Each structure stands twice: as C-alpha cells, then as structure tokens.
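What the coordinates show
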Amino acid sequence: MTAASAARLLSGFPDRLPGLLSLYEDLHAHPELSFQEFRTAAVVAERLREQGWEVTEGVGGTGVVGVLANGEGPVVLLRADMDGLPVQEQTQLPYASQEMGVDSEGNKVPVMHACGHDMHVTCLLGASAQLAAARGEWHGTVVAVFQPAEEVGGAPAMIEDGFLDRFPRADVCLGQHVSPAPVGLVGTRPGTVMAASDSLRVRLHGRGGHGSTPETTVDPIVMAAAVVMRLQTVVSREVGAAQTAVVTVGSLHAGTKENIIPDTADLRINIRSTTPVVRKRVLAAVERIIRAEAAASGAPKEPEITALNAFPVTVNDTAATGTVLAAIAEVMGGERVFTLPEPLTGSEDFGTFGTALGVPSVFWHFGGGDPALFEHIDPDTLLTDGLPDTVPANHSPYFAPVPEPTIHTGVAALLAAAAHWLCAGDRREK
C-alpha cells in the first residue's frame, strides 16, 4: 500500500528535520533573482552529492539536476524552483532577507523569497535525502530538478540546454507549490489547474515640455492613465462571466520632476487566462486599447509593445492526478486533501517538462499558512470564499510559511506521490 511504502520512505525523517529547518532559514535569508541563483545552486549541488546523487550543475543557466538510479523501474521527475523576487521583505522574521540584487535591466532592488521557492528547495532536498537513505524500499530512477527562474519562465531554458537527451526520460513529472492556505492541507485538480500568463512591456510616446504649458505637449502620463483605466473594462466587458481572465498593470513609470511633462511613459502588464480562446481575445483587446488611447491622445509615435515572457496553461493529467490525490490522502488523511473547484489564476512553467517529454504531469499546492490566521474560519469555505484579507498571499512582502509542519507536509506529499511509481513492485507483492 502507498501509506506503508511512504512510511518506510519517511523513516528517520524527524532526525533530519532540525537540519532542514536550518537550511530553510538560510535559503530564506539569502534569496537570489531569476537566473542568478548561484549560491542556492551551490548549496543544492553540495547537499545532493553528500546524499549520493549524480549531480549536474549549470543546466539552463543555474539549474541543478540530480539523478539517483536504483535498479530497474519507473523514472520519476521531482521538481523545485529556486528564484526569489524583487520585493522588500516586511515579515520581521529573525531570518528575514536583507539581500539586494541587480535586476535584468540593471536596477538595484531588494530580494525576497516572497513566493516560497525556498520552501520548495528545502522540501525536495528533504525528499531526496529520504530516498537516498531508503534505497532498499524502492526501485527505479529519480530525477530531482532544481529549476532556475520560474518567475520569468526558466523551464524552457533547461529544455533548450539538452535536458531531454542529457538525463533519464521520466515516466511522470511531479511538482508542488506552497500556498497561504492553512498548513497541512493539500489540493489540486485534474485538467487545467493554473492559468496561462502573458507579460508585456509597453512604452507610450508623447511630447514633453513644461508643466505650465501642457497645451504644447502630448502628455504620456495622461495617456498612460487612460490606458490603465480602460484596460479595467477588458475582463468586465469582453470576457464572459463564466470564463476566467485577469489583467493587471503592475508597473507604471514616467517623468522625473513635478513640473516637467516627459516624453514617454512605461507600463508593464500581466494577463492571465485559462483557455486559448480567452487568451487570444484578451491579448487582442489589450493591444487594441493601448493603440487606440495613443491615437486618441495624438501620440507622435505608435506605442512599443514588447512581449516579456509567457507561461502556458498548467494541465494535470487526469488519471495521474487521481492517483496522486489518493496517495497523498492515504498518507496524510483524506480530510487534509481536497480537489480545487476551478483553476487558479496563478501561473507556472512546471508543465513544460511533461509536455516536452510527452508524459503525464501532476502539480499540487500545499498549505503553509499559520493556523492562527484561520481561527474561527471553516476551511471548507476557503474553496468558495477564498482567503481572508488578513492572510498574506504569495508575492506579498509579508508572505511567510510556517516552517514546521510545512516542511514535513511538503516532504511527505512528494514521497507519497512518488511512492506510487517507485514502490509499485512492493504493492504487487502485497
């Protein structure tokens, strides 16, 4: 049975937990931006080698891949992402990040693990240590992928770096993400589980001048304000009520002084969608509005619209998802495992691996939220009502998973899911 197999894979884990807690605090205190995860990658590679894995560094830039072959059997890919975000941490934790970094445009920015990738690395290293120590309990091959730059789409970089030919070809790809849901809960769904994402950089061109004579200028700030406001109508007026889309202007920069009208205004826009039809419609509407508002303002030049990155819809294989949910429920208890009623509007590039390999993939979310934040809240209502406003979500400067039992949950979920494939012979014997 999966529960018995996973229990044997977890044997001795309590003794390992103090070291994992220290590792998590160290990783949290030292985040690195996308494709700059040099310290993190070095820590990962050192730990994997100490555990007895065959290690390859520098895959897709700063990625690390560990391979542990243990006889004949399935090949299971387990993935964690490593990069932090340009966010100033406000958690006041004793191990809060004080790190600064330089982004891709040369700007000095604060860096924080505001999305929980430090937790993902810790959990996968915990699982890899358990697998290495319990080789007598499973058979097959595990490929542990520590991916760079998930925030900007780093999985394709690993594929382009020969991943498919350099490492054993997986029969299934498994991944997970910590969430602000109550600690100990695990959830996913078959089919579409996370949205597609498209990010755009837009430069609006005006004609600068003195703030006292705006009639001699074409004000790009007013133009930008009109674009921002009009974009709010895309979802409310061009997307069906039963469909899912999000349009966010996350950055708007223009000007240097209060009495100078600048020549340009720069925006960064993010679009989420869950079907190809909606994605195409929303992208077209966003571009149409940008160009129309520029024309209405008398812009001297057409706007510059540049694609920054794009993430595909994350799709879980139906049969494999049922298997994973059942396996995790068997280990952690059915009351802690749930099926999401609809796709999440967050995005991921994890599915790139399964798509490139042509094999099933399953991605799930596990809670790391402090139980104190959910006092007097029925967990069942979270599926319909969402998180309370008082709970910091991913990408918030206050996002801080409770280290334990979140680490235990993440390690147990990975091992329970993997055990279905790696301990298949054990189940047949029973």
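Residues numbered from 1 in each chain as written. Predicted model: local features only at pLDDT ≥ 70, side-chain atom pairs only at ≥ 80, totals over all residues. Heavy atoms only, no water.

An unreviewed UniProt entry lists the protein chain under the name Amidohydrolase, with Streptomyces mesophilus as the source organism.

1. Concerning the overall build of the protein chain
Test applied: Numbering of helices and strands runs from the N terminus; a helix is a DSSP stretch of H or I covering at least four residues, while a strand is a stretch of E covering at least two. Restricting the calculation to C-alpha atoms gives the radius of gyration, and the globule rule supplies 2.2 Å times the number of residues raised to the power 0.38. To sort residues, take the accessible area from a 1.4 Å probe on protein chains only and compare it with the maximum for the residue type: under 20% means buried, over 50% means exposed, and anything in between is partly exposed. We call two residues contacting when some pair of their heavy atoms lies within 4.5 Å. To measure how exposed things are, a 1.4 Å probe is used in the Shrake-Rupley method; for residues, cover is taken only from the protein chains shown. Note that His is not counted, nor are the chain ends; the positive residues are Lys and Arg, and the negative ones are Asp and Glu. Taken as the charge location is NZ of Lys, CZ of Arg, CG of Asp or CD of Glu.
In terms of helices and strands, the protein chain carries 13 helices and 18 strands. Taking 22 Å as the expected radius of gyration for a compact globule of 430 residues, we find that the protein chain reaches 23 Å, a close match to that expectation. Per-residue burial over the protein chain gives 52% buried out of 430 residues. Of the contacts made within the protein chain by residues no fewer than 6 positions apart, 83% connect residues no fewer than 24 positions apart. For the protein chain, the exposed surface amounts to about 18100 Å²; the carbon and sulfur share of it is 53%. In the protein chain, 29 positive and 50 negative side-chain charges are present, and the distance between their average locations comes to 6 Å.

2. Notes on the nonpolar core
Across soluble globular proteins, nonpolar side chains have a tendency to be buried as a group. Counted only if it meets this: To form a nonpolar core, buried Ala, Val, Leu, Ile, Met, Phe, Trp, Tyr and Cys residues must be joined to one another through side-chain atoms within 4.5 Å.
In this structure, Leu78, Leu131, Phe146, Leu174, Ile328 and Trp364 are the most contacted members of the largest nonpolar core, which totals 63 residues. Sort the elements by how many residues they give to this core and helix H12 (residues 403-422) lands first, with 12 residues. Look past the residues within four positions of Leu174 in its chain and what remains in contact with it is Val76, Leu77, Leu78, Arg79, Val324, Phe350, Val362, Trp364, Ala417, Ala418 and Trp421. One finds Val218, Met223, Val227 and Ala285 within the second-largest nonpolar core, a separate group that totals 24 residues.

3. Concerning helix H2 (residues 13-29)
So the rule is basically this: Here the expected length of a helix is defined as 1.5 Å per residue gap, with one fewer gap than residues. What is called the bend at a residue is the angle between a pair of axes, fitted to the seven residues leading up to and ending at it and to the seven starting from it.
Given a rise of 1.5 Å per residue, 17 residues ought to cover 24 Å, and the 24 Å separating the end C-alpha atoms of H2 matches this to within 8%. Roughly 30° is the biggest bend found in H2, and it falls at Gly19. Buried within H2 we find Phe13, Leu17, Leu20, Leu23, Tyr24, Leu27, His28 and Ala29. Contacts made by the buried residues of H2 are with helix H3 (38-51), helix H4 (117-133) and H12.

4. Focus: the side chain of Asp118
The condition is simple: Any Lys or Arg side-chain nitrogen found within 4 Å of a carboxyl oxygen on Asp or Glu counts as a salt bridge. What qualifies as a polar contact is a pair of N or O atoms within 3.5 Å, subject to a donor-acceptor requirement within protein and to the restriction that residues adjacent in sequence count only when both atoms come from side chains.
Residue placement: Asp118 occurs in helix H4. Buried and without a salt bridge, Asp118 has Arg39 as its closest oppositely charged side chain, separated by 10 Å. Polar side-chain contacts of Asp118 include one of 2.7 Å to the side chain of His28. If we ignore the near neighbours within four places in the chain, the residues touching Asp118 are Tyr24, Leu27, His28 and His113.

5. Here we look at the domain arrangement of the protein chain
Here is the rule: Just so you know, the domain bounds were taken from an automatic or database domain assignment. Accessible area, probed at 1.4 Å, shrinks when two parts are joined; the buried area is that loss added up over both. Asp, Glu, Lys and Arg are counted as charged, while Ala, Val, Leu, Ile, Met, Phe, Trp, Tyr, Cys and Pro are counted as nonpolar; the rest, among them Gly, fall into the polar class.
Annotation of the protein chain at the domain level lists domain 1 (1-194 + 313-423) and domain 2 (196-311). Taken over C-alpha atoms, the centre of domain 1 sits 34 Å from the centre of domain 2. Opposite the 14 residues of domain 1 that make contact, domain 2 presents 11 residues. Approximately 880 Å² of surface area, both sides summed, lies buried where domain 1 meets domain 2, with 57% of it carried by carbon and sulfur atoms. Per-residue buried area on domain 1 facing domain 2 is highest for Val313, Thr345 and Ser347; these three make up 50% of the total on that side. Our count for the contact surface shared by domain 1 and domain 2 stands at 2 salt bridges. Arg201 is the partner of Glu105 in a salt bridge, and the nearest nitrogen-oxygen pair spans 3.3 Å. Taken together, the connections running from domain 1 to domain 2 amount to 3 residue pairs in polar contact (both at pLDDT 80 or more). When grouped by side-chain class, the residues that make up the side of domain 1 that touches domain 2 number 4 nonpolar, 5 polar and 5 charged.

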